[in-house]
Amino acid sequence: MDQERRGQWLRGVLDLCVLALLHRRESYGYELAQSLDATGIGPIQGGTLYPVLLRLQRTGLVTAQWREGASGPARKYYQITPAGSETLRRTTVDWDAFASGVGTILREVQTR
Amino acid sequence: MNHDGWLHALTGELHRRGLDPNLSRHVVAEAAAHLRDSGEAPLRVFGPPETYAAAVAESVGVPRPQTGRAWPDASAGVAGSAGTGRAAGSARTVRSSPGPIRLDVRGISKRYRRRPVLSGVDLTVRAGEIAAVVGANGAGKSTFLRICAGLISPDRGQVRVHGSLGYCPQSGGTNDYLYPDEHFVLVGAGRGLPRATARAAGREHAAALDWDPSGRTQARHLSGGTRQKLNLVMAALGEPDVLLLDEPYQGFDRGTYLDFWQQLWRWRSAGKAIVVVTHLLNQLDRVDTVLDLTPTREVSA
Amino acid sequence: MTKILTVAELALREILRRRSVLVILTLLPLAFYFSRREDHLGQSIRFVCLGIGWALSTAALFAGSAARGIEPRLRLSGYRPHHLHLGRLVALWTVGVGLSVPYFALIRFDQHDVRYGAIALIMMLTVAVAAPFGLALSAVVPRELEGTLVLLTVVGLQMIMDPAGAASRLLPFWFSREIGTYAIDHTDGGYLTRGLMHGIVLTLALTALVAVASGIRLRQRSHLKFM
């Protein structure tokens, strides 16, 4: 995948993806990075991920607290807030509309 | 760079950007936890400390530093391009109009043997202004400052100081066998400060330069850069109205260098009049007045 | 007064931290003492006093040279010249007294049939003269090396010149020979009086010289005016 284009796409949706992962269950930075990587959208480095988390936290869409994990040392766990869930729900609808529009156009290229 | 070194650099950069210390600690701890979990190199995961610190500062909404403002003093020579380079850091505040004249230099001339070093130099610095003195090696920058400080006499000319004077020499000016704290006490007593006050003031100025001077290290065992920090703190002790700084940042690393300029702006905001000798032209956008001592014939050549 | 005492205290700390110099200076009079201990007891007393004088003037020379870099900025920080040189003198006199006490104790128990009071007086005057002598030297010679050579010459001359000659009275520690003769050879009080006068005059003259030199070097220059 063209790394620059991938970066541009990610900038638009990374906060949504993070919110969606946190909607499943609370998590911490490294685990989120691994989950994102596992979905196939590519590796997300800490330098990109944590600023997004900080911004989500500042805008009140997630909260965070330091806790000892079941195994290992203290980590900063993020939870989605009701406002975050609401934003996620609304934006997911918008994204679906947007992505299906893009998909419709691009599929014409593929099928020709 | 190893983990600790990178994390330490990050701490410094976040501090420089004016991030809340509490938040800054969390950011660093979180980065440390991530590095521990992933086992990867910090440069690969987060990039250079200054870049990551910039991204963090932007995310948490620390206001971006403003660009500098520059205008040449009518009485001083004008030095080259005063561009709009970005000042690192956030301590810079919008300033009120300049205050009363603090340093007034008129018609200073000085010859060494028969070679004229300074001829008819004027400079006016008001409260809340920074003047940069620039010029090639041997153009008389240090001589000019020493004349302003009254350490040597000019052949002609007058210097008027409204208030008290602090001077930081290019080197020397410290006592090899005394601890930093003792230097503060010594200078403080001259300014009429009690010991505890002098020590506290010294440590506060030192903290702004990311230096903890409380250790019992004799000045001769301090690194070159740290000794210059000591020199600078000594000049600022007792809050003189006019600060004369002769290239005080020699031996500073990049971070300390940024801290130094932050400190200058804080002093400027506090209404001090500052004269700083420099040969690095990329700072000229951050000052109010530029005095170029390069002889005119060399400029036109 | 606070300013003088602060300068004195920190100057004292500085001297006490020059460990290696301090050890050499402390042991130097001892070497002088034992060099004549076997054959001539009286001479060993004269030598130890000269040794103290030499050691302390050397310490003063070094202290004076080291202070040159920092004194102009201290002057700018609100000190007046007399604060600086008096503070330094007080520190050096204190060091001198500390250096003399063990040597006085040594003589008190090692030697008999001498006037101990007069010997204490020699030591006091030696300390009084040596400190401003070293400081004055540091004010007039550019570097420590030249100063050390001058000191070496002075002490050498002091040892070999005939104390009866008029020229030897110009040497800073001439009083030491005079009072020494009074203390060891039990001569008349004339030696004591002459020596005492010489010591006092030299202390005052050298202290004045230090004051003048420091006043000139750290003067407020006429082109600079504080409004």
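Residues numbered from 1 in each chain as written. Chains lettered and ligands numbered in written order. Predicted model: local features only at pLDDT ≥ 70, side-chain atom pairs only at ≥ 80, totals over all residues. Heavy atoms only, no water.

Q: Any chance you could explain the overall build of chain C here in plain terms?
A: Across its full length, chain C carries nine helices and one strand. Along its sequence from the N terminus, chain C presents helices and strands in the succession α-α-α-α-α-α-α-α-α-β. Within chain C, the fraction of its 227 residues that count as buried is 51%. Counting every atom, chain C has about 10,000 Å² of accessible surface; 69% of that belongs to carbon and sulfur. (Helix = DSSP H or I, 4+ residues; strand = E, 2+ residues; numbered from the N terminus. Buried < 20%, exposed > 50% of the residue type's maximum accessible area, 1.4 Å probe, protein only. Areas by Shrake-Rupley, 256 points an atom, 1.4 Å probe, with all protein chains shown as cover.)

Q: I keep staring at the packing of helix H5 (residues 81-110) of chain C against helix H9 (residues 189-217) of chain C and nothing clicks. Help me out?
A: Each pair of packed helices can be summarised by the angle the axes make with each other and by the distance between the axes. Residues and elements named next belong to chain C. Following both chains from N to C, one finds H5 and H9 inclined at 140 degrees, their axes separated by 9 Å at the closest point. It follows from the interaxial angle that H5 and H9 lie oblique. Here the hand of the crossing between H5 and H9 comes out right-handed. Contacts between H5 and H9 involve Pro 81, His 85, Leu 89 and Trp 93 on the former and, on the latter, Thr 207, Val 210, Ala 211, Ser 214 and Gly 215. Broken down by class, the residue content of the contact of H5 with H9 amounts to five nonpolar, four polar and no charged. (Axes fitted to C-alpha atoms, helices over the stretch in contact; angles between N-to-C directions. Parallel < 35°, antiparallel > 145°, perpendicular 65-115°, else oblique. Left-handed = near helix turned anticlockwise from the far one by under 90°. Contact = heavy atoms within 4.5 Å. Nonpolar A, V, L, I, M, F, W, Y, C, P; charged D, E, K, R; others polar.)

Q: I keep staring at the pairing of strand E3 (residues 129-134) of chain B and nothing clicks. Help me out?
A: Regular strands place side chains that alternate from one sheet face to the opposite one. Residue and element names in this part refer to chain B. Of all the six residues making up E3, six are buried; the element is thus mostly covered by neighbouring parts of the structure. Because side chains alternate across E3, one face comprises the buried residues Glu 129, Ala 131 and Val 133, and the other comprises Ile 130, Ala 132 and Val 134, equally buried. Of the strand pairs in this sheet, E3 and strand E7 (residues 273-277) are connected by five bridges, and their pairing is parallel. By the bridge assignment, Val 133 is partnered in E7 with Val 277. (Pairing = 2+ DSSP bridges.)

Q: Which parts of the structure should I look at to understand the sheet that holds strand E1 (residues 101-112) of chain B?
A: Strands pair in a sheet through their backbones, by hydrogen bonds, and they do so in one of two ways: parallel or antiparallel. On the basis of which strands lie adjacent, the open sheet formed by four strands has the order E2(B)-E1(B)-E4(B)-E1(C) and mixed pairing. Every other strand in the sheet has two partners, leaving strand E2 (115-126) of chain B together with strand E1 (224-226) of chain C as the edge strands with one partner each. Strand-to-strand twist across the sheet, computed as the mean angle between neighbouring axes with direction ignored, equals 15 degrees. Running at roughly 125 degrees to E1(B), helix H5 (residues 141-148) of chain B makes contact with E1, E2 and strand E4 (156-161) of chain B together with E1 of chain C of the sheet.

Q: Sorry if this is basic, but what is going on with the interface of chain A and chain B here?
A: A common way to report how large an interface is uses the accessible area buried once the components associate. With 18 residues of chain A in contact, the opposing surface of chain B contributes 21 residues. Buried surface at the junction of chain A and chain B, both sides included, amounts to about 1,600 Å², of which 57% is carbon and sulfur. Seen at the junction of chain A and chain B, the total is two salt bridges. Residue B:Glu30 pairs with A:Lys76 through a salt bridge whose shortest N-O separation is 3.9 Å. There are eight residue pairs in polar contact (both at pLDDT 80 or more) connecting chain A and chain B. Among the secondary structure elements, those contributing two or more residues to the side of chain A that touches chain B are helix H2 (29-38), helix H3 (46-58) and strand E3 (74-80) of chain A. (Buried area = accessible area lost by both parts, 1.4 Å probe. Salt bridge = Lys/Arg side-chain N within 4 Å of Asp/Glu carboxyl O. Polar contact = N/O pair within 3.5 Å; in protein donor to acceptor, adjacent residues only side chain to side chain.)

Q: So what exactly am I meant to see when it comes to the pattern of salt bridges here?
A: Two side chains carrying opposite charge are able to pair once their charged atoms lie near each other. All names here are of chain B. Here the structure, examined in full by the defined rule, presents 22 salt bridges over all chains. Linking Arg 44 and Glu 40 is a salt bridge whose minimum nitrogen-to-oxygen distance equals 3.1 Å. The class of Glu 40 is partly exposed, set by a relative accessible area of 27%. For Asp 104, the salt bridge identified is with Arg 106, shortest N-O distance 3.2 Å.

Q: Where do I start with unusual backbone geometry in this structure?
A: Generally, phi is negative for residues other than glycine and the peptide bonds are trans, each holding for most cases. A positive phi is found at B:Arg113, a non-glycine position, where the angle reads about 55 degrees. Position of B:Arg113 among the secondary structure elements: in the loop between E1 and E2.

Q: I would appreciate a short explanation of the packing of aromatic side chains in the present structure.
A: Summed over all chains, the structure comprises 16 aromatic pairs over all chains. Ring centres of B:Tyr249 and B:Phe260 lie 5.6 Å apart, and the angle between their planes is 55 degrees; this geometry places the pair in the tilted category. Here B:Tyr249 is found in the loop between strand E6 (242-246) and helix H9 (254-269), whereas its partner B:Phe260 is found in helix H9, with eleven residues between them in sequence. One exposure class covers both B:Tyr249 and B:Phe260, and it is buried. In this structure, C:Arg108 is placed above the aromatic ring of C:Tyr116, and the distance from its NZ or CZ to the ring centre is 4.4 Å. (Phe/Tyr/Trp six-rings, centres within 6.5 Å; stacked < 30°, edge-to-face > 60°. Lys NZ or Arg CZ within 6 Å of the ring centre and 35° of its normal.)

Q: Would you mind going over helix H2 (residues 21-38) of chain B with me for this structure?
A: Given 3.6 residues per turn, any residue in an α-helix points the same way as the ones three and four places further on. The terminal C-alpha atoms of H2(B) lie 26 Å apart, and with 18 residues this matches the ideal 26 Å at 1.5 Å per residue to within 8%. The complete set of buried residues in H2(B) reads B:Ser24, B:Val27, B:Val28, B:Glu30, B:Ala31, B:Ala33, B:His34, B:Leu35 and B:Ser38. (Expected span 1.5 Å × (residues − 1).)

Q: Looking at this structure, I do not really get the interface of chain B and chain C. What am I missing?
A: Contact residues are listed per partner, giving 39 residues for chain B and 26 residues for chain C. Across the interface of chain B and chain C, roughly 2,900 Å² is buried in total on both sides, 56% from carbon and sulfur atoms. Its largest share of buried area at the contact with chain C, chain B owes to B:Tyr177, B:Leu186 and B:Gly190, together 20% of the area lost on that side. Counting across the interface, chain B meets chain C through three salt bridges. One salt bridge in this structure joins C:Arg17 and B:Glu182, with 2.8 Å as the shortest N-O distance. The greatest single-element share of the side of chain B that touches chain C, amounting to seven residues, is contributed by helix H6 (residues 180-190) of chain B.

Q: Is there a simple way to explain the sheet that holds strand E2 (residues 62-68) of chain A in this structure?
A: Residues and elements named next belong to chain A. As summarised here, the arrangement of the three strands in space is E1-E3-E2, forming an open sheet in which the pairing is antiparallel. Two strands close off the open sheet at either side, each with one partner strand: strand E1 (27-28) and E2. Across two bridges, E1 lies against E3 in antiparallel orientation. By the bridge assignment for E3, Ser 27 is matched with Tyr 78.

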